[in-house]
Structures are given as structure tokens and as C-alpha cells.
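What follows is each chain in one-letter form.
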Amino acid sequence: MMAAAGAAMGVDPMAAIDVRGVHAHPLTGMEGATVSSPSHTEDKTLRLLVVEDEARIASFIRRGLEEERHAVDVAPDGDEAMLLATMNDYDVILLDILLPRKNGLAVCRDLRARNVTTPILMLTAKDSVEDRVAGLNTGADDYLTKPFAFDELVARINALVRRQSLDRAPLLTVGDLTLDPLTHEVRRAGQPIELTNKEYALLAFLMRRPGQVLTRTQIAEQIWDLNFDNESNVIDVYIRYLRKKIDEGHERPLIHTVRGVGYTLKD
């Protein structure tokens, strides 16, 4: 609905995010566009849900966030947003207000009624004080009006994640393995372990569900995204990386394979 809202306000809807190197196609006006990514994104892989019915805008936002190494799912309407947000664990939901089927305010209100506590950032061309108050009063955590700079979008996402981390920052512990969600420090038997972004995200996902057998599909959808190629062996590769760093040199392994099902982390 961004195009209609932008036109009503005299704003070019495609000015809603910063882009560079745009070589517009005469029909779509989109071909060759590249999202301008900030260089100061926090060093953490996030799983994000973008709820935006304007396909071009959703594509730009998704591309930019994926360049920041985040996993991004897109919902084009309120009904699909409800389905995805209640089925999956997201770090932040980016929610447009003017959506088909169910508007963003109703989506936000219903998610909070279902005890979904994921931070919600409203993205909309509706910029009056009344609109912002309405969005926040339905349960949104922040409100960003279009047009916006992509740098600001990333900064607000990071701020919401930091705030959420402070609310649930207890040390994760499985046996003698510890992970600090605030500092991202990982230790086994007191010895520090250096992990890449993806390794850290995978380990944190496992440690938040100790003893639970997680399928490759569950891991892929959380750490990568819904479009992950299930035929790929990348999950097995990253499990091997973690085993080498977490279990090698220790008498008792913590990462276990459940043949034909998936993986679990337990003492």
C-alpha cells in the first residue's frame, strides 16, 4: 500500500529507502537497483519478518537486510504475517500498516493478544501524531515513517534487539558450556571459543532448546530463511564446525546427531 500512500502524500514511494546505482527499467522502474547498506550494522545474524504488500519495496528491504547477513522472510498481507509470526521465532517484525486482508494495527494487536512478544517496528507513510500513537498503543515497539533512510532502519532494528537482549539476558548454560547473549562470549570449561556469526547463531538456537531434537528444517528456517535449499548440506557443515570448536578435546560431547531426524545439544 506504500505506493498509494506515497502518492497521496506527494512522496515518491521508491524514495522510502536509500538506494544507489539505480538503472530503471522503462516499465518497472526497478531493474539494476541496489540497496545502500550501512557499514555499522551490529555483528549478529538476525531472523527478521518484513510485512509489506508493495513487492518492490519489500524486495529492496529484503535485499538490503540480507546484505547485512540477516535471514529475512516476507509476508505480503496481514493474514500471512499472522501465520508466520505465530509459527516462527523472529528477532524483529517490520510491519506496514496499510495491508490487504488485515491491516498492520490489527496484526500487531492480535499478536500481542496471543502473547507474541517479538519486537515490532511499524513502517508506514502515515506520519501524524495520532497515527504514531495508535501504532504504539496496539503494542508496537517503534514507529518509522516513510520515506526513511536504510541506515536508520538498520539502527532501529539494532536498538530493538539490544533492548530485547537486556530483557532476556541470562547466561545460557549446558553442562560446562556457557553463552552470554549480551557480550556474545562463548566458553567451555572456562576457555573462550571464537565463533563466526552463523556459528554463534546456530549454537544460540541449540542452547535455547537444550535436549530438544531440532530438525534440519527448523534450523534452516531459523538461522537461514524460508527459501533455504533443503538439499544443501550447509547445516551439516556448520554442525561439524561447531563440533570441532565445542566438543573437540573434551571427554563428553554436547552436540548429538539423532539419525534421520536432526540435532540436539545436551549434557
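Residues numbered from 1 in each chain as written. Predicted model: local features only at pLDDT ≥ 70, side-chain atom pairs only at ≥ 80, totals over all residues. Heavy atoms only, no water.

A separate point is the pairing of strand β3 (residues 47-51). Within a regular beta strand, the side chains point alternately toward one face of the sheet and then the other, so they alternate between its two faces. For β3, a buried count of five out of five residues is recorded, marking the element as mostly surrounded by other parts of the structure. Of the two faces of β3, the one holding R47, L49 and V51 and the one holding L48 and V50 are both buried throughout. Sheet analysis places β3 next to strand β4 (residues 71-75), joined by five bridges and oriented parallel. Looking at β4, one finds that L49 is bridged to D73. Taken together, β3, helix α2 (residues 55-67) and β4 form a β-α-β motif whose crossover is right-handed. (Buried < 20%, exposed > 50% of the residue type's maximum accessible area, 1.4 Å probe, protein only. Helix = DSSP H or I, 4+ residues; strand = E, 2+ residues; numbered from the N terminus. Pairing = 2+ DSSP bridges. Right-handed = clockwise from strand over helix to strand, strands pointing away.)

The next subject is the sheet that holds strand β8 (residues 172-174). Overall, antiparallel pairing links the four strands, which are arranged β8-β9-β10-β11 in an open sheet. Pairing within the sheet leaves two strands with one partner each, and these edge strands are β8 and β11 (191-193). Averaged over all adjacent pairs, the angle separating strand axes in this sheet is 25 degrees, with direction ignored. One ladder, built from three bridges, connects strand β10 (residues 186-188) with β11; its direction is antiparallel. If you follow R188 over to β11, its bridge partner there is Q191. The strands touched by helix α7 (residues 197-207) are β8, β9 (177-179) and β10; relative to β9, the strand with the most contacts, the crossing angle is about 110 degrees. (Axes fitted to C-alpha atoms, helices over the stretch in contact; angles between N-to-C directions. Contact = heavy atoms within 4.5 Å.)

Our focus in this paragraph is the confidence of the model for the protein. When pLDDT is averaged along the protein, the result is 82; 80% of the residues meet or exceed 70. A low-confidence stretch, residues 1-16 stays under pLDDT 50, and its non-local contacts, those more than four residues away or across chains, total 31 contacts. Scored below 50 in pLDDT, residues 18-41 shows 54 contacts in the model against residues more than four places distant or in partner chains. (pLDDT = per-residue confidence, 0-100.)

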